[in-house]
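A closer look at the structure
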Amino acid sequence: MSCLFCSIVAGDIPCSKIYEDESVFAFLDIGPVSEGHTLVVPKVHAENLQAGSAPDAEALMAAVYRIAPSIMKAVGADGYNLGMNHGECAGQDVMHTHLHIMPRKNGVSRSFTKTHPSMEELTATAEKIRAELQNLANVT
Ligand code: 5GP
Ligand code: ZN
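Residues numbered from 1 in each chain as written. Chains lettered and ligands numbered in written order. Predicted model: local features only at pLDDT ≥ 70, side-chain atom pairs only at ≥ 80, totals over all residues. Heavy atoms only, no water.

A closer look at the overall build of the protein chain
The line we're drawing: Only DSSP runs of H or I covering at least 4 residues are called helices, and only runs of E covering at least 2 are called strands; the numbering of each starts at the N terminus. The globule rule is 2.2 Å times the number of residues to the power 0.38, and the radius of gyration it is compared with is taken over C-alpha atoms. Using a 1.4 Å probe on the protein chains alone, a residue whose accessible area is under 20% of its type maximum counts as buried, one over 50% counts as exposed, and one in between counts as partly exposed. Only heavy atoms matter for contacts: two residues are in contact if any of them lie within 4.5 Å across the pair. For the accessible areas, the method is Shrake-Rupley and the probe is 1.4 Å, while residue cover comes only from the protein chains on display. Charge convention: Lys and Arg are scored as positive, Asp and Glu as negative, and His as well as the terminal groups of each chain are ignored. Just so you know, the charge point we use is NZ for Lys, CZ for Arg, CG for Asp and CD for Glu.
When you go through the protein chain residue by residue, the secondary structure sums to three helices and five strands. On C-alpha atoms alone, the protein chain measures out to a radius of gyration of 14 Å, which is about the 14 Å that the 2.2 N^0.38 rule sets for 140 residues. Projecting the C-alpha coordinates of the protein chain onto the three principal axes gives extents of approximately 40 × 35 × 25 Å. Counting only residues that meet the buried cut, the protein chain has 42% of its 140 residues in that class. At a minimum sequence separation of 6, the contacts of the protein chain that also span at least 24 residues come to 62%. Roughly 7,800 Å² of accessible area belongs to the protein chain as shown, and the carbon and sulfur atoms make up 54% of that amount. On the protein chain, the mean spot of the 10 positive side-chain charges and the mean spot of the 16 negative ones are 7 Å from each other.

Below is the structure:
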C-alpha cells in the first residue's frame, strides 16, 4: 500500500520535519495557509482518526500541546486554528490521519487559502520552530 504520509514518516519522501516522538511525527504543510502551518500525524498508518487507536488519537493532541507554543513563538503568532478533515466529504485529501495546526496573528485575517512558499522558506521556518523546541528542552 502506498501512502504519502507513511512515506514521509519513513523518510522516503523529504519534508520539513519539526518534531517526532514514539508515536507521532510533525512536519510543515507544503501548502501552508499561514507561516508555520504544521501537520501532526500518527506514525502508524490509519486512514482517519476513527480507524486508528485511541492512544494514537490521544498522542496527536498531546503533541499539539507540546509543540504549538514553540510554533507560535517561532513565527510570532498569537494563537492557532486546529483542523482535521475526516473523510472525503469533509475535504480529506490525504488518507492518513493528520491534524493541521495553523498559526494565527492578531489583526491578520484568517485565510484558509493555500500559499506556495519555496523549499528554502519552508526549511527556514522549520529551523526556527526546531530551535524553539530545543530551547524548551534545555530549560525543562
Ligand atoms: P487534507 O486536505 O487531507 O486535510 O490535508 C492534506 C494536506 O497535506 C494539505 O494541506 C496539503 O497541502 C498537504 N500536503 C499534500 N502533499 C504534501 C506533501 O507532499 N508534503 C507535505 N509536507 N504536505 C503535503
Ligand atoms: Zn499512511
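Once you've had a look at it, read on.
Remarks on the layout of surface pockets
Quick reminder of the rule: Buriedness of a pocket was judged along seven lines, with at least five required to meet protein on both sides within 12 Å; pockets are open sets of points on a 1 Å grid over the protein atoms alone, cavities are sets where a 1.4 Å probe fits but cannot get out, and lining residues have an atom within 4 Å of a point. Grid points are joined across faces, edges and corners, and a volume is the space filled by probe spheres set on the points. Residues are grouped as follows: Ala, Val, Leu, Ile, Met, Phe, Trp, Tyr, Cys and Pro are nonpolar; Asp, Glu, Lys and Arg are charged; every other residue, Gly included, is polar.
Looking at the largest pocket, its volume works out to about 560 Å³. As for the largest pocket, its lining consists of 29 residues, and the residues nearest its centre are F5, D29, L39, H100 and K114. When contributions to the lining of the largest pocket are tallied by element, the ones reaching two or more residues are α1 (4-10), β2 (24-28) and β5 (99-104). At three residues, α1 tops the list of elements feeding residues into the lining of the largest pocket. Looking at the lining of the largest pocket residue by residue, the classes come out as 16 nonpolar, ten polar and three charged.

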